[in-house]
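Inside the fold
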Amino acid sequence: MAVDSVLSSPLGPPTCEKDAKALQFIEEMTRNADAVQERVLDEILTRNSQTEYLKRFKLDGASDREALKSKIPVVTYEDLQPEIQRIANGDRSPILSAHPISEFLTSSGTSAGERKLMPTIKEELDRRQLLYSLLMPVMNLYVPGLDKGKGLYFLFIKSETKTPGGLLARPVLTSYYKSEHFKSRPHDPYNVYTSPNEAILCADSFQSMYTQMLCGLYEREQVLRLGAVFASGLVRAIRFLQLHWSQLAHDIRTGTLNPQITDPSVCERMGKIMRPNPDLADFIADECCKENWEGIITRIWPKTKYLDVIVTGAMAQYIPTLDYYSGGLPKACTMYAASECYFGLNLNPMCKPSEVSYTIMPNMGYFEFLPHDPTKNSSPTNLVDLVDVEVGKEYELVITTYAGLYRYRVGDILRVTGFHNSAPQFHFVRRKNVLLSIDSDKTDEAELQRAVENASKLLREFNTSVVEYTSYADTKTIPGHYVIYWELLMKDLNNSPSDEVLDKCCLAMEESLNTVYRQGRVACNSIGPLEIRVVKNGTFEELMDYAISRGASINQYKVPRCVNFAPILELLDSRVMSRHFSPSLPQWTPERRR
Ligand code: AMP
């Protein structure tokens, strides 16, 4: 029931008073976007004026845009690495932030193969929670009755480490789920999860997934929405059900827990949930043993109104799979965030994935936009402010945060689609330099090149070299995996590399890839074994011919290092002579290599 018109919002009639306040907040922030940005910048520069970093640029007490733009350089992570390393090593002096750095958030973006370390401060948790608190009020405008049931969300923590100076280093969601903000969240009828905290907070990804799935099955009639942070996570959950439904049904039939679940707090909590339910077990077994899994989500969870997963950016590749399993349920992309800073939300979350635009909330940090022209190396001088971006143009996001990043290039390319009040809305175009991505891994061209070089060393004793290569993120398998097409030059046909050697090349490539990739392979099981497909000699020449027939310039033609255009993939696949897979897991431990 909508509350009365006194609390009405231009976004639509709010469902309850709490929602009305949230929607009003969005209105205030977006109407006054420029003033809010000015205030945020003033707060950040004033409170941090005595930091070593800002003193370096001699702001002389100034805290306005003019000072920022004329005195503080636009930087990348690599520029800040000396400062970040000192903090990681234990220097507690105010280097970047006047407030103590409470921990490092480990980004899925990497630098020299390791996750980037993003400094954060305690109060940022409040800011993140504030953004989360706006999501359901917006969703309630579009989907009524979400207080009449629950959300089945597959949420996971990942391993954490300590820096040499003793600060925790962990992904932002792990930090959030482990915080009191999440663990002790007050009951909200619009935001009830089927997964108990104990299951979400279990560090073992199998036990966590198993028990979250079990709870979701027990409450199948209550589930109104199904989600994971990214689409890849939800696809993985369905795959998990495919692999484990028989054991899950057994547990439900008998009311006993799979002995592989050993985490004491999970066992204790599940003890209170488990009960024998043979009818439910029969139903699950009947549905899951069918060959055809089309629409399985709505068969098992019949009241699901939408899937809550990010399917923008690299995750768009999972849309067909999710549509298949869910019978085309709406896919809501609710927010846009990063370890560095949470940015904003989608004010029209039930729109089509291709139409998703995120409204950056001007209270989260200070935002600038570097005009992006893929044909030019845009110099970081003419940055545009939040309210001055132009519809239709593309920009790289540059942020200044409360935690002590100043004019920091995030690496995301965004296109302006319109405005809500004076706050612009952005289509996420892509992350710069990412060639391959299955889950949260991001592999760039240089990393792929290095991996190919390292692997091809194994071919030397066979007088064989890799003359050309390209790659493809294959998400038709679950989990998805990297496919690398190799054209080989074998100079000694009597001594060509065996299948075993080529299998080892797959593993050698994986060993060379960054830590997020290897963690996905080893700990999260979110990426499958890397595959090398050896193609016939001359295939890459055919690829060039094809590109030229479609208008590419013969002088400027470069082999694409990643392909996803169907006719090109068909051409490559029709020339495959042999396929090879990584025979084992690459090395991965939570500890950083440097
Ligand atoms: P991380 O720092 O590991 O949390 O990764 C943050 C990055 O994930 C962002 O900079 C984006 O590149 C990507 N990302 C986050 N939210 C979205 C979204 N809603 N759509 C597309 N990409 C996203």
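Below you will find a few notes about this structure. (Residues numbered from 1 in each chain as written. Predicted model: local features only at pLDDT ≥ 70, side-chain atom pairs only at ≥ 80, totals over all residues. Heavy atoms only, no water.)

Here we take up the overall build of the protein chain. From N to C terminus, the protein chain includes 20 helices and 20 strands. Taken against the 2.2 N^0.38 rule, which gives 25 Å for 594 residues, the C-alpha radius of gyration of the protein chain at 25 Å falls within 12% of a compact globule. Dimensions of the protein chain, computed from the C-alpha atoms along their principal axes, are close to 80 × 70 × 50 Å. For the protein chain, with 594 residues in total, the buried portion stands at 55%. When contacts within the protein chain are restricted to residue pairs at least 6 apart in sequence, long-range pairs at least 24 apart make up 68% of them. Here the protein chain displays about 25000 Å² of accessible surface, and carbon together with sulfur accounts for 51% of that area. Side-chain charges in the protein chain split into 67 positive and 74 negative, and the spacing between the mean points of these groups amounts to 2 Å. (Helix = DSSP H or I, 4+ residues; strand = E, 2+ residues; numbered from the N terminus. Rg over C-alpha atoms; globule rule 2.2 N^0.38 Å. Buried < 20%, exposed > 50% of the residue type's maximum accessible area, 1.4 Å probe, protein only. Contact = heavy atoms within 4.5 Å. Areas by Shrake-Rupley, 256 points an atom, 1.4 Å probe, with all protein chains shown as cover. Lys, Arg positive; Asp, Glu negative; His and termini not counted. Charge placed at Lys NZ, Arg CZ, Asp CG, Glu CD.)

To continue, consider the packing of aromatic side chains. Using the criterion set out here, one finds 19 aromatic pairs in the structure. Both rings, one in tyrosine 482 and one in tyrosine 517, keep their centres 4.8 Å apart while their planes meet at 50°; by these two values the pair is tilted. Taken as a pair, tyrosine 482 in strand 18 (residues 481-490) and tyrosine 517 in helix 18 (residues 515-522) lie far apart in primary sequence, 35 residues in all. Overall, the relative accessible area of 0% leaves tyrosine 482 in the buried class. Through successive ring pairs, a cluster of aromatic residues spans Tyr132, Tyr176, Tyr177, Phe182 and Tyr342. Over the aromatic face of tyrosine 402 sits the side chain of arginine 127, whose NZ or CZ is 3.5 Å from the ring centroid. We note arginine 128 situated over the ring of tyrosine 342; from NZ or CZ to the ring centre the distance is 5.8 Å. (Phe/Tyr/Trp six-rings, centres within 6.5 Å; stacked < 30°, edge-to-face > 60°. Lys NZ or Arg CZ within 6 Å of the ring centre and 35° of its normal.)

So, about the sheet that holds strand 1 (residues 103-111). Reading across from one edge, 2-1-5-4 is the order of the 4 strands in this open sheet, with mixed pairing throughout. Every other strand in the sheet has two partners, leaving strand 2 (114-120) and strand 4 (161-162) as the edge strands with one partner each. Sheet topology places strand 4 next to strand 5 (residues 168-170); 2 bridges connect them, and they run antiparallel. By the bridge assignment, threonine 161 is partnered in strand 5 with alanine 169. (Pairing = 2+ DSSP bridges.)

What follows deals with the pattern of salt bridges. If charged atoms from side chains of opposite charge come close, those side chains can pair. Throughout the structure, instances matching the rule amount to 43 salt bridges. Residues arginine 47 and glutamate 123 are paired through a salt bridge, measuring 3.0 Å at the closest nitrogen-oxygen approach. A residue pair is termed long-range when its members are at least 10 positions apart, and arginine 47 in helix 2 (residues 33-47) and glutamate 123 in the loop between strand 2 and helix 6 (124-142) qualify at 76 residues. With its nearest N and O atoms 3.0 Å apart, the salt bridge here joins glutamate 198 to arginine 269. On the criterion of sequence distance, the pair formed by glutamate 198 in helix 9 (residues 197-200) and arginine 269 in helix 12 (residues 264-273) is long-range, its members being 71 residues apart. Relative accessible area serves as the criterion here: at 25%, glutamate 198 is assigned to the partly exposed category. A relative accessible area of 33% places arginine 269 in the partly exposed class. (Salt bridge = Lys/Arg side-chain N within 4 Å of Asp/Glu carboxyl O.)

Neighbouring the ligand are 15 residues, the closest being Ser108, Thr312, Met335, Ser339 and Asp412. In the environment of the ligand, an oxygen atom lies 2.9 Å from a nitrogen or oxygen atom belonging to the side chain of arginine 431. In the complex, 90% of the free accessible area of the ligand, which totals 490 Å², lies under the protein chains. If you list the elements that add at least two residues to the shell around the ligand, you get strand 1, strand 9 (335-337), strand 15 (408-420) and strand 16 (423-431). When residues in the shell around the ligand are grouped by element, the largest group, 3 residues, is from strand 9. Across the shell around the ligand, the residue classes break down as 8 nonpolar, 4 polar and 3 charged. (Near = heavy atom within 4 Å. Polar contact = N/O pair within 3.5 Å; in protein donor to acceptor, adjacent residues only side chain to side chain. Nonpolar A, V, L, I, M, F, W, Y, C, P; charged D, E, K, R; others polar.)

Read from one edge to the other, the open sheet built from 4 strands follows the order 17-18-19-20, with strand pairing classed as mixed. The sheet terminates laterally at strand 17 (464-474) and strand 20 (576-581), the two strands that pair on one side only. Pairs of neighbouring strands in the sheet enclose a mean axial angle of 25°, with direction left out of account. Along the sheet, helix 16 (residues 445-456) makes contact with strand 17 and strand 18, crossing strand 17 at roughly 135°. (Axes fitted to C-alpha atoms, helices over the stretch in contact; angles between N-to-C directions.)

For the rest of this paragraph, the subject is the packing of helix 10 (residues 205-218) against helix 11 (residues 231-254). If you want to describe how two helices pack, look at the angle between their axes and the distance between the axes. Remark: helix 10 packs on helix 11, axes separated minimally by 9 Å, with the N-to-C direction vectors making an angle of 70°. By the angle between their directions, the pair helix 10 and helix 11 is classed as roughly perpendicular. The hand of the helix 10/helix 11 crossing is right-handed. Listed contacts from helix 11 to Phe206, Met209, Tyr210, Met213, Leu214, Leu217 and Tyr218 of helix 10 are Arg236, Ala237, Phe240, Leu241, His244, Gln247, Leu248, Asp251 and Ile252. Taken together, the residues of the contact of helix 10 with helix 11 sort by class into 12 nonpolar, 2 polar and 2 charged. (Parallel < 35°, antiparallel > 145°, perpendicular 65-115°, else oblique. Left-handed = near helix turned anticlockwise from the far one by under 90°.)

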